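Notes for the structure review
Read off the chains here:
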Amino acid sequence: MTKFFYARLAATNIRKNAQTYVPYILTGIGTVMMFYIICTLSQNSGFNDMPGGVTVAWFMLMGCVVVGLFAAIFLFYTNSFLIKRRKKEFGLYNILGMEKRHISRVMFYEAFYVAFISLAAGLLAGMLLSKLFFLLVLKIIRVDVSFQFELSMSAVWTTLKLFGAIFLLTFLNNLRQVRLVNPIELLKGGQVGEKEPKTKWVLALLGVLFLGSGYAMAISISNPVAIVLWFFVAVILVILGTYCLFTAGSIAVLKLLRRNKSYYYKPKHFIAVSGMMYRMKQNAAGLASICILSTVVLVLISTTISMYIGAEDMIARRYPREMTVVVAEQEKAEREEVFQQIEQLLGKYREQPENTVYYPFFSTQMHEGADGFSPASDYADLGNLKGMYFLSLTDYNRLYGSTLTLADGEVFIHSIRTPYQGDTLKLLGRSFTVKGQLDAMKETGFDSAAMMDIYYVVVKDEAVLSELSTRLEEDVRYYYSFDFKGEISEERQNQFYAELRTLLGKGSYAECRAEARGGFYSLYGGFLFLGIFLGVLFVMATVLIIYYKQISEGYDDRERFVIMQKVGMSREEVKASIHSQVMQVFFLPLLAAGVHIVVVFRWLTQLLALLALDNSVLFSLCTLGSFLVFAVLYMLVYMLTARVYYKIVSA
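In what follows, the accompanying structure is described.

Here is what the cut-offs are and how they apply
- Residues numbered from 1 in each chain as written.
- Predicted model: local features only at pLDDT ≥ 70, side-chain atom pairs only at ≥ 80, totals over all residues.
- Heavy atoms only, no water.
- Helix = DSSP H or I, 4+ residues; strand = E, 2+ residues; numbered from the N terminus.
- Phe/Tyr/Trp six-rings, centres within 6.5 Å; stacked < 30°, edge-to-face > 60°.
- Buried < 20%, exposed > 50% of the residue type's maximum accessible area, 1.4 Å probe, protein only.
- Salt bridge = Lys/Arg side-chain N within 4 Å of Asp/Glu carboxyl O.
- Polar contact = N/O pair within 3.5 Å; in protein donor to acceptor, adjacent residues only side chain to side chain.
- Contact = heavy atoms within 4.5 Å.
- Core = buried A, V, L, I, M, F, W, Y, C linked by side-chain atoms within 4.5 Å.
- 1 Å grid on protein atoms, 1.4 Å probe; cavity = no way out; pocket = protein on both sides within 12 Å on 5 of 7 lines; lining within 4 Å.
- Points joined across faces, edges and corners; volume = space filled by probe spheres on them.
- Nonpolar A, V, L, I, M, F, W, Y, C, P; charged D, E, K, R; others polar.

At arginine 350, a residue that is not glycine, the phi angle is positive and equals roughly 55°. Checked against the element boundaries, arginine 350 lands in the loop between helix H12 (332-348) and strand S2 (353-369). A positive phi angle, close to 60°, is found at glutamate 473, a residue other than glycine. You can see glutamate 473 is positioned in the loop between helix H14 (462-471) and strand S9 (477-484).

What follows is the structure, given as structure tokens:
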């Protein structure tokens, strides 16, 4: 043998098996490229010089971890499809006289070529596109930064180490599979699983239990705090249930249909049921993976687009007016001096306030129990934690020009989220009669994204307000917010805000809607970019799994295609039968993903409300649009991969 025999043989093998190797290599290139890009973005110094850049860089770092973990799992998973198709070829080499150590050399060169091409092309593509993605991030978060190319050698080294380890481990795993089996088993490696699948009733019941438990949580739990605590538990249960039901539940259902003789012993049903039974055994894990990936893509895209489109609504909800000042409790003369300085500052900028809101208040968090409300000394019982704002009726009437009255021991309540139930409000052992529920309240916006219920309690007068604040050990503060009259640029508002903060003493603070807007777009823009980035990665994974599934079924169906014709079925009947089975199995994951989204939709809506997006119509439209677009893409992928399938079957 010549010195480079094994290297040339490996290259020839890759070329002759291009149908399976090329998609795997393209996947390797894509994952390397995307990891390098997200890694470069997480280390880009340009984020240090922009508002909210730290937040965006943190998102990129989290994305780097997710992409790295996903790349490792996914490349191992897709490699299993590839090695399954190659086992027969390796077995033939062994029977023809090539020892396993020689086969190992061929496999080494094949793995080396794949790793080298993937790393070289992936890094090159990543370097070329990383600046484009950086500019895309800046566009999304609405930041203008001068163009500068930045090559991160640290990101290059990190990428090389990670993917070098992944490709090495996949090679060692392939080597283990080939060296531990005999040549006959290798020859039949592509046909493993031809026996009729056994019904795993325990696994099927576990699938029903896991999925039912996850769904039950999503339907029954409505408290925002509980949703946050149980969300990931429910997600894990649904994932486990999906895999169990695709693996065992589907086979159990098909066997029950087979027991129904009046249904099963008809040509159409006989072929469909038996064919699908085999398909579900062979492809259950792949179908479940497609279902989970499809669900993740839909959730990521719909939620991040909703948050980005609804950013202005969230900003307006969090900051009801353009400027907000909260002055800590102090002597009346000192307090009045602060407000005089604010008026002087407005005069300096030649601006006048409008939509002004001013009132003293205090806020606290309390636990609601059987004996009423008590101070929240700890946060063990988050489900009964309530946020409470107290102000006087005098200030409420002034704000609204109303003439409401309260007797001693009476209060009005305005509720956010869950309406207050009951005619009595018990505070610290004292009972107040709830005279009525207020529909309107000039809210502060401080708790727009709170996980708890919020109650604004209007008491009779400032004496009651002072008494309650003393007993609860909370300071009365003075809330003052306003809009600027007429048009004023955000730059000028930020200048005003910067000077305003210098006037305020300890315990007082100010907020500016214009200044906060940059932080909001950094946060939700980072969400959007990461959602789209990971969505593209997961779509790529879904496409590849579908492609390999079609190839695997094509080779399996080619033999059954011949057998069915030998027993009397026409070519058209066989083709129609197989097409029907493929269609039913192929679109099952998309249907299951749609069901997952419908069940979890209420939870997603409430989680978005915790981020101040309380626009369920917007989220519904984004979710529906994402599903329709994904369904069209799914159909296109099916049509493209089906060509490969029928080409194999008809060969």
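This part is about the packing of aromatic side chains. As enumerated under the stated definition, the model contains 38 aromatic pairs in all. A ring pair is formed by phenylalanine 133 and phenylalanine 529, whose centres lie 6.2 Å apart and whose planes are at 80°; its orientation type is edge-to-face. Taken together, the residues phenylalanine 133 in helix H4 (residues 100-140) and phenylalanine 529 in helix H16 (residues 513-566) connect sequence positions 396 residues apart. Arranged with centres 4.7 Å apart and planes meeting at 10°, the rings of phenylalanine 362 and phenylalanine 390 form a pair that is stacked. One end of the pair, phenylalanine 362, is in strand S2; the other, phenylalanine 390, is in strand S4 (residues 385-392), with 28 residues separating them in the sequence. Each member of the pair, phenylalanine 362 together with phenylalanine 390, is buried.

Once that is clear, we can look at the environment of glutamine 495. Within the secondary structure layout, glutamine 495 lies in helix H15 (residues 490-503). You can call glutamine 495 partly exposed: its relative accessible area is 38%.

Moving on, we come to the pattern of salt bridges. Opposite charge on two side chains allows them to pair when their charged atoms are near. Applying the stated rule across the entire model yields 10 salt bridges. Between arginine 492 and glutamate 351 there is a salt bridge, with its nearest N and O atoms 3.9 Å apart. Linking arginine 492 in helix H15 with glutamate 351 in the loop between H12 and S2, this pair joins segments that are 141 residues apart in sequence. Look at arginine 492 and you get partly exposed, because its relative accessible area is 30%. Accessibility expressed as a relative area gives 13% for glutamate 351, which makes it buried. Salt bridges linked by common partners bring Glu312, Glu490 and Arg517 together as one network.

Moving on, we get to the side chain of threonine 304. Here threonine 304 shows up in helix H10 (residues 267-309). Here the side chain of threonine 304 touches isoleucine 301 through a polar contact of 3.3 Å, landing on its backbone oxygen. In this structure, threonine 304 is in contact with Phe527, Leu528 and Gly531, ignoring residues within four places of it in sequence.

The next subject is the nonpolar core. Grouped together as the largest cluster of nonpolar side chains are 104 residues, with contacts concentrated most on Ile38, Phe163, Met314, Phe529, Tyr548 and Trp603. A total of 19 residues in this core trace back to one element, the largest contributor, which is H16. With sequence-adjacent residues up to four places away left out, phenylalanine 163 is seen in contact with Thr31, Val32, Phe35, Ala71, Leu75 and Leu119. By size, the runner-up hydrophobic cluster in this structure holds 41 residues, among which are Val434, Phe484, Leu500 and Cys512.

A separate point is the layout of surface pockets. Of the voids in this model, the largest pocket is the one considered here, and its volume is about 1,700 Å³. Phe231, Phe232, Val235, Val296 and Val299 are the residues nearest the centre of the largest pocket, which is lined by 46 residues in total. Elements with a minimum of two residues in the lining of the largest pocket: helix H3 (53-95), helix H7 (201-220), helix H8 (224-259), H10, H16 and helix H17 (571-610). Here the lining of the largest pocket gets 10 residues from one element, more than from any other, and that element is H10. Of the residues that constitute the lining of the largest pocket, the class distribution is 39 nonpolar, seven polar and no charged.

Its location among the elements puts isoleucine 83 in helix H3. Note on isoleucine 83: relative accessible area 3%, which makes it buried.

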